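Here is how the chains run, residue by residue.
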Amino acid sequence: MKKYYYWIILAALIIVLILLPKPLIVSPTVSTIITVLLGLALAGVLVLTLRGHMIGRRTVFLFIGVSLTLPFFMNYRMPIKVSPEVQTLYDAIAKLPPGSKVLAAFDYDPPSAPELQPQAEAFMAFAFKHNLKVIIMGLWPQGPQQADMAVTKVLQEPEIRAKNLRYGVDYVNLGFQSGNEFVIQRMGTSFSGMFPRDIYNTDYDKIPLLNGVENFSNIDFVFNLSSGQPGTVEWVQIAVDRYGVKLGAGNTAVQAPSVYPYLSSRRLTGLAGGMTGAAEFEQATKEIGKANTYILSQSFSHMVVIAFIIIGNAALFVGYRKSKQKGA
Amino acid sequence: MDRLKALLFLTSVIILLCLPAFSQTDAPTRLVGDAKPAIESPAGPPSVEAKDTKNDDGSAIDVSWQLSPDDQRLVTKYQVLRSKSSTGPFEVAGETTKGQHTYTDNGVKVGESYFYKIAAVYEIKSTDSTSVTGKGESQVIGPIKPIAQWFNMRRLNVLIWLLVTCAAILFYIMQAKSGKELYVRKIAGIDAVDDAIGRATEMGRKVFFVPGIQDMDDVATIAAITILGRVARICATNETMLDVPVSRSLVMVTARESVREAYGKVGRPDAFKEDQVHYVTDDQFGYAAAIDGMVMRDKPAAMFYMGGFFAEALILAETGNNAGAIQIAGTNQPAQIPFFVAACDYTLIGEELFAASAYLEREPRLLGSLKGQDFAKGLFLLAIFLLLILAMFGYNWVSIMDVS
Amino acid sequence: MKREIPLIITFVAGVAFVLQYFIPHYPFNRFENIFSDWFSIVGAFAIWLGALSLMKLCLLNISKKSSDWPISLLIIVSFLAIVIAGAIDGFHGLNNVPATSFRDPGTNFDWLYQKVYTPLSSTMFAILAFFVASASYRAFRARNTAATLLLFSAFFVMIGRVPVGDYLSGWLPERMQLSHWANWLMAFPNTAGQRAVMIGIALGTVSTSLRIILGIERSHLEG
Amino acid sequence: MDSTLIGTWLAALLTLGIMSFIYKDNLYYKICEAIFIGVSAGYWFITYFWDSLYRIAWIGIVHEGRYVLLGGVILGAMMLTRLFGKIGWIARWPLAFIVGATAGLKMMVYFTTNAMAQIHDTVYDTVTAFGGGDLYNLIGRLVILLGTVTGLVYFYFSKEHKGLFGGVAKVGTWFLMITFGASFGYTVMSRMSLLLGRIDFLLTDWLKLVK
């Protein structure tokens, strides 16, 4: 019997969650109470550790799950300061004159969407509102699909729907091409050689937006959303180093550190890293979206991780004291 | 030895071959022309020049022109017009915004000759996207033939630095072969390989070797397969069960080759079962999920993570840590080294992964190459200081390190 | 003879692909593109060996009636499901005008991709959040100077990268605020360490590549 | 019950299955793992088939007449000789080519972008920092210079890390530790946002508890 009651609890929990009133929003006062309770629970764990009861992995997992889930039900917004690298990225895009051609390279997949999709949506909204011509392509199979989702979502915004932008004239999606960094290399000589047709199978030279666009020399700016390889590193190594392209990038937080050296050597004009980068980019482009709501959960989970680092060091300290007592 | 001589001879022949390429400077034919001023169309650029783009495969021509006198007042854009004959139909090779006076035309083929003229265009775009344009054209110039060079002069400095680095590595390899004793510092991670497998033998449990998720087109994976060969040899002698789940089929074939040879070398070819090295899935996280499952069920005593790893590094290492295995990791991905440092017992940092096979094999020539790498490091450190000191005295030679 | 030919092939390919970096002239300028095409084709052939190896292991489990044979059956069934779906959608797509791809929205392959593959893949990626927390709890303990530096730099970057950092240190002058510490750590010390590791890796790669090309390092071909 | 509802429920159950692994390895996880292995292996098998075999090899050779691609097909066919034991050794030839070409290609990519370019940037930034007046940037550039140099010294193999040399290597280790701590801390955020994405899916799309 013991083996199966896990499953019964799980099923019961799911049914209860489905029956709850929707949407479930908690007032700000209750939100602060929850936050205080979470803090007290962490302090309790610290006291436990100092008294010698070391907590296991699963307690850490429980706190992380709770700290990420609860903020979804709170309505409370955090003040966000735009960091220099996001500001330079925004400035580079903002100073592009209307009608300039921007290559949007989507090199990520659904698992990295939480950090990069908000940036994609903010970028598309900003580009369409400022009449930038967007050419979408991707070195990852799912990249152009993510771009398509961002474009369809942004086109529903009233201000953009009013401009009735047309596919093939204001934006185009050339789809995915395998071959990693060799795709960028070939695009240096000829876009049409690498992308003979767009995702709707229209020939390259039948697309009005693309006539006269032979290679990077006809592109005013490249915006690359990347979560791994091939990604921003390859775009810097080939597009910037060999073809002198102006490149701005949005990266997942894990990818950003390895791209920082290119930022400080000005081969990358700007970088929005991780969820905070996404929230800052939304703030800079004034296209507030999902990233700003996630940032609250982020802050909670970061505080939990920091708390457990302190608890971990407390456990170390208790260990020393015990060994010193035994040793003395 | 003969192969080294062949390499050096081959490289010197190539350099000699390239010399004539430098002498080919084609004097561009330049005619000064004057364009007929239309009523509202701007004056054409007074002079045009076109010559072969240097250091390329002959598929580009650099076109430059003097700005049209009406550049500021009237011109909205310049059109670079190209044709196969001086009078023939001209097509638009490309456009630039006003104020620009150079354009690289990449749409040309080596061996054919082309004629160019530049049109200064004054274009007014009305709302319903029809436009009225005035055009002033320059004189036609040509014929220009794009030439493919045999040596990219911009990369001469890279060639010199590469030859010096390779010469250093080869020198110390040859020196090591002559039996000179070589000191090599201790790397904890590599010394731990033996007792990690020893622990697995005592506990009668498996050894897992995870060669990363990159394919055979990554040098880190090749280094991982080399280390796998050494680990397999130790496992074969200790009669420990070695399990190698791989993420790429080419890596599976190569790894099977390497492990079979290793078992053969220690005289136990029969103990090698081909399914020890088995393909799981090409997918990064499918691979991580499968290995996590295997680790929690088989509870291996030792785990090796060698090669190219990305986000799945911590999934593997944290689960392995939870299963109580000794974990030794090595990767060439700087972003993943912190996770291996946090979750594994020993971590080979960057270059140490590439040194592991030399350490494990103790073969003089491999150890010699490490000394060659150190020489190159010393050279680069010296270069940094010299360039800085030179810069202090006003000589900015940093361009010798340029990469183009 | 069987052992010499591969070494010669490796040597010639290695030297050719080093020279192509320096020689723009045809055919050297085509080498990188040719290698990328050849590599994808060889990979596409080789994956058949991989799939056969996976299937063989699963069938072995089923025939031996080992304890978890239904699991192996499930692997085979889900493999065949998406392969057949992809094949049918692909071949149907060929004779559509214009030809559609097996990946297009609306195909069964895409349904399996959106509803089965993507949730599994993104959730497996997501449980890293739990592992990062447990790894921090266990590893960031001030045992010695190195571990202490690891701890403090992680601490400052974590607290600086989230608005809470500025919330707490708002009263300090702009340059002293926590988010600024995080940016400083990422921009300078992190860049220094990354560069040292990158240069090390580069020299390790050059040395290993040279050893491979000259045939000194050949265990990948014979153990 | 239209297909999106089935799809959402299927995705949610698979998500919970994988998440159950952090509690402990169980049957529910084993089922999801098996589906994941099968579907992901099949996904890449078909992707390779259509994107490489069909789009590059078949179309390239038959429709576009790029006969150079036949080289890839020949090498690929040689790989398949692994299936027949006796002549399996021919498979070493394509491997030898790939390994050789990779060694040549990656030697140049890493030597230029990861070694020379980084040295160039270190010197260039330090020189410009001296030129420019900004003290903050100057200190930062000197820190990068110190960290890069000491870090490189740490990677010395053939010299005993003793005395002054050992001291410099120790400082190098400290810089490496700061780098690893910083990029670990920086990455915690992106891992949390991944889990956020899944929790958002469960709460918004599946349970519809949150707008």
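Cut-offs applied
- Residue numbering note: each chain is counted from 1, following its sequence as written.
- Whichever chain is written first becomes A and whichever ligand is written first becomes 1, with later ones labelled in order.
- Residues qualify for local features only when their pLDDT is at least 70, as the model is predicted, and side-chain atom pairs are given and counted only at 80 or more; totals for whole chains, interfaces and linings, by contrast, use all residues.
- Each side-chain value is derived from all of the structure's non-hydrogen atoms; neither hydrogens nor water enter the calculation.
- Put simply, DSSP H or I for four residues or longer makes a helix, DSSP E for two residues or longer makes a strand, and each gets a number counted from the N terminus.
- A 1.4 Å probe rolled over the protein chains alone gives each residue an accessible area, and that area as a share of the maximum for its type sets the label: buried under 20%, exposed over 50%, partly exposed in between.
- All accessible-area figures derive from a Shrake-Rupley calculation using a 1.4 Å probe, and residue coverage is judged against the displayed protein chains alone.
- In this charge count, Lys and Arg are treated as positive and Asp and Glu as negative; neither His nor the chain ends contribute.
- By convention, the charge on Lys lies at NZ, on Arg at CZ, on Asp at CG and on Glu at CD.
- Only strands joined by at least two bridges in the DSSP assignment are considered to pair.
- For every element, the axis is a line fit to its C-alpha atoms; helices are fit only across the contacting stretch, and the angle between N-to-C directions ranges from 0 to 180 degrees.
- Orientation is classified from the angle alone, with under 35 degrees giving roughly parallel, over 145 giving roughly antiparallel, 65 to 115 giving roughly perpendicular, and any other angle giving oblique.
- Between two residues, a contact is recorded if the distance between any of their heavy atoms is within 4.5 Å.
- Amino acids outside the nonpolar list (Ala, Val, Leu, Ile, Met, Phe, Trp, Tyr, Cys, Pro) and the charged list (Asp, Glu, Lys, Arg) are all regarded as polar, and Gly is one of them.
- Polar contacts, as counted here, are pairs of nitrogen or oxygen atoms within 3.5 Å of one another; within protein the pair requires one atom able to donate a hydrogen and one able to accept it, and residues that are adjacent in sequence qualify only if both atoms are side-chain atoms.
- All domain edges in this entry derive from an automatic or database-based domain assignment.
- Every residue gets a pLDDT, meaning the predictor's confidence in that residue, from 0 to 100.
- Take the buried Ala, Val, Leu, Ile, Met, Phe, Trp, Tyr and Cys residues and link them wherever side-chain atoms come within 4.5 Å; each set so joined is a nonpolar core.
- Buried area, as used here, totals the accessible surface that two parts lose on assembly, with accessibility defined by a 1.4 Å probe and the loss added over both.
- Note on definitions: salt bridges are taken to be side-chain nitrogens of Lys or Arg within 4 Å of carboxyl oxygens of Asp or Glu.
- Put simply, a patch holds well-exposed residues, over 30% relative accessible area, that have no salt bridge, with like charges counted together within 9 Å and Val, Leu, Ile, Met, Phe, Trp or Tyr side chains within 5 Å.
- Any Phe, Tyr or Trp ring, taking Trp's six-membered ring, that has another such ring centre within 6.5 Å forms a pair; planes under 30 degrees apart are called stacked, those over 60 apart edge-to-face, and the others tilted.
- Any Lys NZ or Arg CZ found within 6 Å of a ring centre and within 35 degrees of that ring's normal is scored as a charge over the ring.

## Focus: the overall build of chain A
- Across its full length, chain A carries 13 helices and 6 strands.
- With the principal axes as the frame, chain A shows a C-alpha extent of 80 × 55 × 45 Å.
- Evaluated residue by residue, chain A yields a buried proportion of 58% over its 328 residues.
- Here chain A displays about 13200 Å² of accessible surface, and carbon together with sulfur accounts for 66% of that area.
- The averaged location of the 21 negative side-chain charges in chain A is 15 Å from the averaged location of its 29 positive side-chain charges.

## Concerning the overall build of chain B
- Tallying secondary structure elements over chain B gives 10 helices and 14 strands in all.
- Relative to its full complement of 404 residues, chain B shows a buried share of 57%.
- Accessible surface computed for chain B: about 16100 Å², of which carbon and sulfur atoms make up 59%.

## What about the sheet that holds strand β3 (residues 171-176) of chain A?
Residues and elements named next belong to chain A.
- Read across the open sheet, the 6 strands follow the order β3-β2-β1-β4-β5-β6; overall the sheet is parallel. Only two strands of the sheet have a single neighbouring strand rather than two, namely β3 and β6 (270-273). The mean inter-strand angle of the sheet, taken between neighbouring strand axes irrespective of direction, is 15°.
- By the bridge criterion, 4 bridges tie strand β5 (residues 247-251) to β6 in an arrangement that is parallel.

## Focus: the packing of helix α4 (residues 108-126) of chain C against helix α5 (residues 128-139) of chain C
All names here are of chain C.
- Two elements in contact, α4 and α5, have axes separated by 5 Å at closest approach and are oriented at 10°. In terms of orientation, α4 and α5 fall into the roughly parallel class. Mapping the contact onto sequence places Met124, Phe125 and Ala126 in α4 and Leu128, Ala129 and Phe130 in α5.
- Each residue belonging to the contact of α4 with α5 can be placed in one class, and the counts come to 6 nonpolar, no polar and no charged.

## A short note on the pairing of β3(A)
Residue and element names in this part refer to chain A.
- The buried fraction of β3 amounts to 6 of the 6 residues, a majority that puts the element mostly inside the structure.
- Bridging between strand β2 (residues 133-138) and β3 involves 4 bridges; their strand directions are parallel. Across the sheet, residue isoleucine 136 finds its bridge partner in β3, namely asparagine 173.

## Observations regarding the side chain of B:Lys377
- Counting through the fold element by element, B:Lys377 comes out in helix α10 (residues 364-392).
- For B:Lys377, a relative accessible area of 0% puts it in the buried group.
- A distance of 2.9 Å separates the side chain of B:Lys377 from the backbone oxygen of D:Phe155, its partner in a polar contact.
- Other than its neighbours up to four places away in sequence, B:Lys377 contacts B:Glu351, C:Leu203, D:Leu152, D:Phe155, D:Tyr156 and D:Phe157.

## So, the domain arrangement of chain B
- Examined at the domain level, chain B breaks down into domain 1 (48-144), domain 2 (158-169 + 370-401) and domain 3 (182-362).
- Placing the centre of domain 1 of chain B and that of domain 2 of chain B at their C-alpha centroids yields a distance of 42 Å.

## Concerning the pairing of strand β5 (residues 102-105) of chain B
All names here are of chain B.
- By the alternation rule, side chains of β5 split into Tyr103 and Asp105, which are all buried, and Thr102 and Thr104, of which none is buried.
- The pairing of strand β2 (residues 61-65) with β5 spans 4 bridges and is antiparallel. For valine 63, the partnering residue across the bridge sits in β5 and is tyrosine 103.

## Some points on unusual backbone geometry
- Of the consecutive residues B:Gly142 and B:Pro143, the connecting peptide bond is found in the cis state with omega at 0°.
- Along the chain, B:Pro143 falls in strand β8 (residues 141-144).
- Across the junction of C:Tyr26 and C:Pro27, the peptide omega takes the value -5°, indicating a cis bond.
- If you check the backbone angles, B:Glu239 has positive phi at about 55° while not being a glycine.
- As for its placement among the helices and strands, B:Glu239 is situated in the loop between α4 (219-238) and β10 (242-246).
- Notably, D:Lys208 is not glycine yet its phi reads approximately 55°, a positive angle.
- On the secondary structure map, D:Lys208 appears in the segment after α6 (163-206).

## Brief notes about the confidence of the model for chain A
- Per-chain confidence: chain A averages 86 in pLDDT, with 97% of residues scoring 70 or above.
- Taken element by element, chain A is modelled with least confidence in helix α1 (residues 2-19) of chain A, mean pLDDT 78, and with most confidence in strand β4 (residues 221-226) of chain A, mean pLDDT 96.

## Some thoughts on the nonpolar core
- Among the nonpolar cores identified, the biggest contains 333 residues, and A:Trp235 and B:Leu242 are the most heavily contacted of them.
- Here the element with the most residues in this core is α6(D); it accounts for 20 residues.
- When near neighbours in sequence (up to four residues on either side) are disregarded, A:Trp235 contacts A:Leu103, A:Ala105, A:Asp107, A:Met137, A:Leu139, A:Ile184, A:Met187, A:Phe216, A:Val222, A:Asn224, A:Val240 and A:Leu247.
- Counting residues in hydrophobic clusters, the runner-up holds 35 residues, among them A:Tyr90, A:Ala92, A:Phe126 and A:Phe281.

## Details of the interface of chain A and chain B
- Tallying the contact residues gives 9 residues for chain A and 10 residues for chain B.
- Here chain A packs against chain B, burying approximately 940 Å² in sum over the two surfaces, 49% of which is carbon and sulfur.
- Sorting the residues of chain A by area buried against chain B places A:Arg57, A:Gln229 and A:Val254 first, and these three jointly supply 39% of that buried surface.
- Our count for the chain A to chain B interface comes out at 0 salt bridges.
- Along the contact surface separating chain A from chain B lie 1 residue pair in polar contact (both at pLDDT 80 or more).
- When the residues that make up the side of chain A that touches chain B are grouped by side-chain class, the tally is 1 nonpolar, 6 polar and 2 charged.

## Let's talk about the interface of chain D and chain C
- Tallying the contact residues gives 109 residues for chain D and 106 residues for chain C.
- Taken together, both faces of the contact between chain D and chain C bury some 10400 Å²; the carbon and sulfur share is 83%.
- When the buried area of chain D at its contact with chain C is split by residue, D:Phe45, D:Trp50 and D:Tyr136 rank highest and sum to 7% of it.
- Seen at the junction of chain D and chain C, the total is 2 salt bridges.
- Measuring nitrogen to oxygen at the nearest pair gives 2.9 Å for the salt bridge that ties C:Asp37 to D:Arg66.
- Elements that contribute at least two residues to the side of chain D that touches chain C include exactly α1 (3-19), α2 (27-63), α3 (70-80), α4 (92-131), α5 (135-154) and α6 of chain D.
- In terms of residue count, the dominant contributor to the side of chain D that touches chain C is α2(D) (28 residues).
- Taken together, the residues of the side of chain D that touches chain C sort by class into 69 nonpolar, 28 polar and 12 charged.

## Quick notes on a nonpolar patch on the surface
- There is a patch of nonpolar side chains on the surface, built from B:Leu382, B:Phe385, B:Leu386, B:Ile389, B:Met392, B:Phe393, B:Tyr395, B:Trp397 and B:Ile400 and spanning about 1000 Å² of accessible area.
- With respect to the helices and strands, the residue B:Leu386 is situated in helix α10.

## Some words on the packing of aromatic side chains
- In this structure the tally under the stated criterion is 62 aromatic pairs over all chains.
- Ring geometry for B:Tyr359 against D:Phe157: centres 6.4 Å apart, planes inclined by 65°, an arrangement best described as edge-to-face. Note that B:Tyr359 is positioned in helix α9 (residues 351-361) and D:Phe157 in the loop between α5 and α6, a pairing that runs across two chains.
- The rings of C:Phe91, C:Phe102, C:Phe109, C:Tyr113, C:Tyr117, D:Phe36, D:Tyr43, D:Trp44, D:Phe49, D:Trp50 and D:Tyr54 are connected pair by pair, giving a single aromatic cluster.
- One cation-aromatic arrangement involves A:Arg58 over D:Tyr23; the distance from NZ or CZ to the ring centre is 4.9 Å.
- One residue, C:Arg141, lies across the ring of C:Tyr137, its end atom 4.9 Å from the ring centre.

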